[in-house]
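# Report on the structure
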Amino acid sequence: MEHYISATEKFLKQIVYDIEGPESDILYTHNIAKIFVWLTGIIDLPVKKSEMYWMTSFYHDSRYPLHPGTIVTTDDRDHARDLCFMIKRFVIESGYGTGIEYVDTRYKKKGA
């Protein structure tokens, strides 16, 4: 599940990069909901804010365990996958990321 969440974060950051450039402070957060809220002031995304808050809660629970006993079900995993693929499809179909590759909170032109 964490892979879907991490990929979603990178897809959202690709949009931020294309809009704001590499100097945007929002590129350094790992809070998907915060990135999503920042973007909703600019573009219409294909998912609901509540779904990004839901995904963020799992991300922080799985990466930085705060609540012992948090269980991720297969339904949770499948929902995270579906959200990730919706964001991925939006990024590709909207033309974001053309010629740019996102690598570890930095951007690098392909072939550089």
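Structure shown above.
Residues numbered from 1 in each chain as written. Predicted model: local features only at pLDDT ≥ 70, side-chain atom pairs only at ≥ 80, totals over all residues. Heavy atoms only, no water.

### A short note on the pattern of salt bridges
A full pass over the atoms with the stated rule returns 4 salt bridges. When salt bridges with common partners are traced through the structure, they connect Arg77, Asp78, Arg81 and Asp82 into a single cluster. (Salt bridge = Lys/Arg side-chain N within 4 Å of Asp/Glu carboxyl O.)

### Quick notes on helix H2 (residues 32-40)
Buried within H2 we find Ile32, Ala33, Ile35, Phe36 and Leu39. Buried residues of H2, seen end-on, are gathered within an arc of 160 degrees and therefore sit on one face of the element. Sitting at the amino-terminal end of H2 is Asn31, which places a side-chain oxygen 3.0 Å from the backbone nitrogen of Ala33. (Buried < 20%, exposed > 50% of the residue type's maximum accessible area, 1.4 Å probe, protein only. Helix = DSSP H or I, 4+ residues; strand = E, 2+ residues; numbered from the N terminus. Arc of directions from axis to C-beta. Polar contact = N/O pair within 3.5 Å; in protein donor to acceptor, adjacent residues only side chain to side chain.)

### Describing the environment of Met52
Here Met52 lies in helix H3 (residues 49-63). C-alpha of Met52 to C-alpha of Thr8: the two residues are 44 residues apart in sequence and 9.5 Å apart in space. With sequence-adjacent residues up to four places away left out, Met52 is seen in contact with Thr8, Leu12, Ile32, Ala33, Phe36, Val47 and Leu83. (Contact = heavy atoms within 4.5 Å.)

### Brief notes about the nonpolar core
Formed by 23 residues in total, the largest nonpolar core has its most connected members in Leu12, Ile15, Leu39, Leu45, Met52 and Met55. Elements that contribute at least two residues to this core include exactly helix H1 (2-20), H2, H3 and helix H4 (74-94). Beyond its immediate chain neighbours, meaning those up to four positions away, Met55 contacts Ile5, Thr8, Ile32, Ala80, Leu83 and Cys84. (Core = buried A, V, L, I, M, F, W, Y, C linked by side-chain atoms within 4.5 Å.)

### Focus on H4
Compared with an ideal rise of 1.5 Å per residue, which puts 21 residues at 30 Å, H4 spans 30 Å between its outermost C-alpha atoms and is within 8% of the ideal. Among all positions in H4, only Asp76, Ala80, Leu83, Cys84, Ile87, Phe90 and Val91 are buried. All buried residues of H4 project into a common sector of 120 degrees when viewed along the axis, lining one side. Projecting away from the buried face of H4 at angles above 90 degrees are the exposed residues Asp75, Ile92 and Glu93. Trailing H4 by a residue or two, Gly95 shows a phi angle of about 85 degrees, which is positive. (Expected span 1.5 Å × (residues − 1).)

### Considering the side chain of Lys13
Position of Lys13 among the secondary structure elements: in helix H1. For Lys13, the side chain forms a polar contact with the side chain of Glu9, separated by 2.8 Å.

### Quick notes on the packing of aromatic side chains
Applying the stated criterion across every chain, the model contains 2 aromatic pairs. Summarising the aromatic geometry, the rings of Tyr4 and Phe85 are spaced 6.1 Å apart at their centres and angled 85 degrees between planes, so their arrangement reads as edge-to-face. On the criterion of sequence distance, the pair formed by Tyr4 in helix H1 and Phe85 in helix H4 is long-range, its members being 81 residues apart. A relative accessible area of 25% places Tyr4 in the partly exposed class. Under the relative-accessibility criterion, Phe85 is labelled partly exposed at 39%. (Phe/Tyr/Trp six-rings, centres within 6.5 Å; stacked < 30°, edge-to-face > 60°.)

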